[in-house]
Amino acid sequence: MTEARTHLYPIGVDPADIDFMGHVNNASYLKWVQAAVIDHWRTLAPAEAVAQHLWIALKHEITYRKPTFLGDDVIATVLLERVQGARAFYETIIKRGEEVLAEVKSSWCCVDADTLRPARLARDIVQRFFPAEA
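Because the structure is a prediction, the values reported are computed rather than measured. (Residues numbered from 1 in each chain as written. Predicted model: local features only at pLDDT ≥ 70, side-chain atom pairs only at ≥ 80, totals over all residues. Heavy atoms only, no water.)

A description of the nonpolar core should follow, citing residues and the corresponding values.
Nonpolar side chains tend to gather and get buried jointly when the protein is soluble and globular. Residues Trp 41, Trp 55, Ile 94 and Phe 129 are the most contacted members of the largest nonpolar core, which totals 34 residues. A total of eight residues in this core trace back to one element, the largest contributor, which is helix H1 (residues 26–44). Discounting chain neighbours no more than four positions away, the residues touching Ile 94 are Ile 11, Tyr 29, Trp 32, Val 33, Val 74, Ile 75, Ala 76, Glu 99, Val 100, Leu 101 and Ala 102. (Core = buried A, V, L, I, M, F, W, Y, C linked by side-chain atoms within 4.5 Å. Buried < 20%, exposed > 50% of the residue type's maximum accessible area, 1.4 Å probe, protein only. Helix = DSSP H or I, 4+ residues; strand = E, 2+ residues; numbered from the N terminus. Contact = heavy atoms within 4.5 Å.)

What follows is the structure, given as C-alpha cells:
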C-alpha cells in the first residue's frame, strides 16, 4: 500500500506535561500519539466502522529528537503505513514548526467493539486511508 493520506493533529502542551527538568515528560508523547492515531481513525473511517471497532496499541518505538516546552506550537503528522490482517502500522512525526521533536513507529490491533476479538477491516474501509488504491 502506498500514497497514504496524512493526518495532522494539533497538540496542546499542558502544564501537567512538564516534568522536573522543565520540558515535556516522555510519557506525554505516548498520550499524544495515541490521541493522534485515534483521531486519524475517527476522521477517515465511516461512522459505522468507528462504532464497530476499537484500537489497542501493541507497540510504540519513540525516537526523541528535541525537547518540547510549555507554550510550544506542536503538531503531529500521522501516516498509516500499512494494514496487515487486524494490525495497523503507523508513523507519527511530532514537530514544532519545521523542527522534528519526536518520531514514533507504532503498531495497533483492531478489535471488534462487541467481542473484543481481533477484527480485520473491510477493504473499502482500508481504501479510505489509501486513496491512490481506490
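An account of the pattern of salt bridges is requested, with residue identities and associated values reported.
The tally for this structure, following the rule as stated, stands at seven salt bridges. Of the charged contacts, one joins Glu 81 and Lys 105 as a salt bridge, the two residues approaching to 2.6 Å between their closest N and O atoms. Of this pair, Glu 81 sits in strand E3 (residues 74–84) while Lys 105 sits in strand E5 (residues 99–112), and the two are 24 residues apart along the sequence. Between Lys 95 and Glu 98 there is a salt bridge; the shortest N-O distance is 4.0 Å. Residue Glu 98 is classed as exposed on the basis of its relative accessible area of 70%. Each of Lys 66, Asp 72, Arg 96 and Glu 99 takes part in salt bridges that share partners, so that together they form one network. (Salt bridge = Lys/Arg side-chain N within 4 Å of Asp/Glu carboxyl O.)

I'd like to hear about empty space enclosed by the protein, residue by residue, with values.
With the rule as written, the count across this model stands at one cavity of 30 Å³ or more. Surrounding the largest cavity, Trp 41, Trp 55, Leu 80, Val 83, Ala 88, Tyr 90, Leu 121, Val 126 and Phe 129 form its lining. Partitioning the lining of the largest cavity into residue classes produces nine nonpolar, no polar and no charged. (1 Å grid on protein atoms, 1.4 Å probe; cavity = no way out; pocket = protein on both sides within 12 Å on 5 of 7 lines; lining within 4 Å. Points joined across faces, edges and corners; volume = space filled by probe spheres on them. Nonpolar A, V, L, I, M, F, W, Y, C, P; charged D, E, K, R; others polar.)

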